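This is what each chain is made of:
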Amino acid sequence: MNALEVHQIPCLTDNYGYLVHDPVSGETACIDTPDAQAILAALASRGWRLSEIWNTHHHPDHAGGNLAVKQATGCRIVAPAAEAARIAGVDRSVVEGEAVSLGEHRFTVLETPGHTSGHIVYWCEAQRLAFVGDTLFAMGCGRLFEGTPAQMWSSLQKLRRWPEDTLLYCAHEYTQSNARFALSVEPDNAVLQARAAEVDAARRRGEPTVPSRLGDELATNPFLRADVPAFRASLGMAEAAPVEVFARARAGKDAFRG
Ligand SMILES: [Zn+2]
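The sections below set out a description of the structure shown in this document. Every value quoted in this text rests on a predicted model; they were computed, and no experiment measured them.

### Topic: the overall build of the protein
Next up, step 1: If you tally the helices and strands in the protein, you get nine helices and 14 strands.
Next up, step 2: In summary, the protein has a C-alpha radius of gyration of 18 Å against a globular reference of 18 Å for 258 residues, a match within 12%.
Next up, step 3: Across its three principal axes, the protein shows a C-alpha extent of roughly 55 × 40 × 35 Å.
Next up, step 4: Buried positions account for 52% of the 258 residues belonging to the protein.
Next up, step 5: A fraction of 59% describes how many contacts in the protein between residues 6 or more apart in sequence connect residues 24 or more apart.
Next up, step 6: Roughly 10,600 Å² of accessible area belongs to the protein as shown, and the carbon and sulfur atoms make up 50% of that amount.
Next up, step 7: Positive and negative charge centroids in the protein, built from 24 and 31 side chains respectively, lie 3 Å apart.

### Observations concerning the sheet that holds strand 13 (residues 167–170)
Next up, step 1: If you trace the six strands from one edge of the open sheet to the other, you get 7-8-9-10-13-14, paired in mixed fashion. Unpaired on one side and paired on the other, strand 7 (99–102) and strand 14 (212–213) mark the two borders of the sheet.
Next up, step 2: Where strand 9 (residues 120–124) meets strand 10 (residues 129–133), three bridges bridge the pair, whose relative direction is antiparallel. Its bridge partner being in strand 10, Tyr122 is matched across the sheet by Phe131.

### Overview of the pattern of salt bridges
Next up, step 1: Using the criterion set out here, one finds 14 salt bridges in the structure.
Next up, step 2: The residue Asp91 makes a salt bridge to Lys70 at a minimum N-O spacing of 3.0 Å. Within this pair, whereas Asp91 is found in the loop between strand 5 (76–80) and strand 6 (92–94), its partner Lys70 is found in helix 3 (residues 66–73), the two being separated by 21 residues in sequence.
Next up, step 3: Relative accessible area serves as the criterion here: at 22%, Lys70 is assigned to the partly exposed category.
Next up, step 4: With a shortest N-O distance of 3.4 Å, Asp254 and Arg143 are connected by a salt bridge. Remark: Arg143 occurs in the loop between strand 12 (140–141) and helix 4 (149–160) and Asp254 occurs in helix 9 (residues 242–255); sequence separation between them is 111 residues.
Next up, step 5: Note on Arg143: relative accessible area 37%, which makes it partly exposed.

### Observations concerning helix 6 (residues 190–204)
Residues separated by three or four positions in an α-helix point in the same direction, a consequence of the helix having 3.6 residues per turn.
Next up, step 1: Between its terminal C-alpha atoms helix 6 stretches 21 Å, which fits the 21 Å expected from 15 residues at 1.5 Å a residue.
Next up, step 2: When we look at burial in helix 6, the residues that qualify are Leu192, Arg195, Ala196, Val199, Ala201 and Ala202.
Next up, step 3: Buried residues along helix 6 sit in contact with helix 5 (175–185), strand 14 and helix 7 (214–220).
Next up, step 4: Among the residues of helix 6, the N-terminal cap falls to Asn189, whose side-chain oxygen and the backbone nitrogen of Val191 are separated by 3.0 Å.
Next up, step 5: Backbone geometry just downstream of helix 6 places Gly206 in the positive-phi region, at approximately 75°.

What counts and how
Residues numbered from 1 in each chain as written. Predicted model: local features only at pLDDT ≥ 70, side-chain atom pairs only at ≥ 80, totals over all residues. Heavy atoms only, no water. Helix = DSSP H or I, 4+ residues; strand = E, 2+ residues; numbered from the N terminus. Rg over C-alpha atoms; globule rule 2.2 N^0.38 Å. Buried < 20%, exposed > 50% of the residue type's maximum accessible area, 1.4 Å probe, protein only. Contact = heavy atoms within 4.5 Å. Areas by Shrake-Rupley, 256 points an atom, 1.4 Å probe, with all protein chains shown as cover. Lys, Arg positive; Asp, Glu negative; His and termini not counted. Charge placed at Lys NZ, Arg CZ, Asp CG, Glu CD. Pairing = 2+ DSSP bridges. Salt bridge = Lys/Arg side-chain N within 4 Å of Asp/Glu carboxyl O. Expected span 1.5 Å × (residues − 1). Polar contact = N/O pair within 3.5 Å; in protein donor to acceptor, adjacent residues only side chain to side chain.

Shape descriptors only; they carry no functional weight alone.
Laid out in structure tokens, this is it:
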């Protein structure tokens, strides 16, 4: 099957909006609406017509531009059923296992509560890509505003099952500070040390560090490593349950100033 085209749009301070386009059908989706004007400008620059907005969760830097984009383009809005009442302009609400599509390309919806209670991600297995909103960041994960550590750990395990060459399009450029935290909890991880250096170099050149490969996240992201012996040992929690290790790491990141 033909490849999808992804256009990444830096928005606000550190958000990324995305357009994903199927050149065969001409259909285009926009993942979240952090900044309506930036999204409309990106559509115009590409000459793409927007078919749908796919929201990941209700936060204003993800759904705040919904109505302006819908009014300007006539697109439909897809959003998580559990948060549809908190998201403007929803035409279709979706739950775990449902699909959205662009032409022949199917994206599976997975529910990943934790950052918010109804957060969802959109996964296209055939194209090895996923839009993960604020669930997973490069070397990080979303803050637990509405969910428990157990919920988020369970959500992240759904993402871990994807093929390692899956590209993860997250919604923020938080990678450099995430790397500093990751190094603080697992300083002897050589893969992490190398990746942190690459991230610093990319940021010095003004380049984005997103998307990232799932395989790289498995090796370096503390929030995917709560059941990895080397990581558990590094936290002095070799005997603890993975969810406790995850909770300790998340609390550590919340308090981290580095
Ligand atoms: Zn959010």
